[in-house]
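Single-letter residue listing:
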Amino acid sequence: MGKNLLKNPSGEEQLEFWDLTENGGSQWKVEDMPGDCGYDFCMDGVTTYFATSFELCLKRQVIDLLAEDYSSEQLDAQPSVTVDDWYCGRTDSGCTYQMAVSLLDENQEVVKEFKPEPVTLDPDTDDCSWKQVNHTFTDYGPGVRFITFEHGGQDTKFWDGWFGVRVTGSSVTVQV
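Given the structure is predicted, the values throughout are model-derived calculations rather than measurements.

Novice: Would you mind going over the pattern of salt bridges in detail, with residue names and values included?
Specialist: For the structure shown, the criterion picks out 7 salt bridges. Here aspartate 19 ties to arginine 60 by a salt bridge, and the two come within 3.5 Å at their closest N and O atoms. Remark: arginine 60 occurs in strand β4 (residues 57–64) and aspartate 19 occurs in strand β1 (residues 19–23); sequence separation between them is 41 residues. Take aspartate 19: its relative accessible area is 38%, and that puts it in the partly exposed class. Overall, the relative accessible area of 29% leaves arginine 60 in the partly exposed class. Two residues, glutamate 31 and arginine 166, come together in a salt bridge whose shortest N-O distance is 3.9 Å. Within this pair, whereas glutamate 31 is found in strand β2 (residues 29–32), its partner arginine 166 is found in strand β11 (residues 166–175), the two being separated by 135 residues in sequence. Under the relative-accessibility criterion, glutamate 31 is labelled buried at 14%. One continuous salt-bridge network, built from bridges that share partners, spans Lys3, Lys7 and Glu68.

Below is the structure:
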């Protein structure tokens, strides 16, 4: 497994390294596991998560692969790029979750994108415990130099506070 290229993937350093592209409602917040009406996480060492609010909250990182010490030759060989994310809801409020990951060229134009349909969790009908989303990019062509990772969501009841989706344990790895 390669090194996680995302910095502060679980909120250990609050919101450091994240660009808050949408910061609605009561805004992003970092909370300790399991949180109010929450679930324990399934991996050792992850003790915090990012909580969203009643209006859309999205956060993003742009990874410069050359600055991360990958060479153009390594990148043009199209190594596998794997993205992972974990999300859950609360037992007392519904929420929505979304993510988008893009491989970009030197001009930051999209070469390939992974953008699954947004997920809605309803505690009355769904298991709102931690769920994993993952995707591996392969055969995407030469020229990738950047990766953008963006995720977030909101609650569906529009309650003041942090009743929206929770995210943690995010990762982006490149297999060279």
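Novice: Which residues make up unusual backbone geometry, and what values do they have?
Specialist: Proline 34 follows methionine 33 through a cis peptide bond whose omega is -10°. Its identity as a non-glycine residue notwithstanding, aspartate 69 has a phi of 75°, on the positive side.

Novice: Please give an account of the pairing of strand β5 (residues 80–88) that cites residues and values.
Specialist: The buried count for β5 comes to 8 of 9 residues, which makes it a mostly enclosed element. In terms of strand pairing, β5 meets β11 through 8 bridges, oriented antiparallel. Each bridged residue has a counterpart across the sheet, and for serine 80 the counterpart in β11 is glutamine 175. Sheet topology places β5 next to strand β9 (residues 131–137); 7 bridges connect them, and they run antiparallel. The residue of β9 that forms the bridge with aspartate 84 is asparagine 134.

Novice: Quick one: what's the story with the sheet that holds β11, residue by residue and with numbers?
Specialist: A sheet is described by the order of its strands in space; here 5 strands give the open sequence β2-β3-β11-β5-β9, paired in antiparallel fashion. Here the strands that pair on one side only, and so sit at the sheet edges, are β2 and β9. Neighbour-to-neighbour, the strand axes of this sheet turn through a mean angle of 35°, independent of strand direction.

Calculation criteria
Residues numbered from 1 in each chain as written. Predicted model: local features only at pLDDT ≥ 70, side-chain atom pairs only at ≥ 80, totals over all residues. Heavy atoms only, no water. Salt bridge = Lys/Arg side-chain N within 4 Å of Asp/Glu carboxyl O. Helix = DSSP H or I, 4+ residues; strand = E, 2+ residues; numbered from the N terminus. Buried < 20%, exposed > 50% of the residue type's maximum accessible area, 1.4 Å probe, protein only. Pairing = 2+ DSSP bridges. Axes fitted to C-alpha atoms, helices over the stretch in contact; angles between N-to-C directions.

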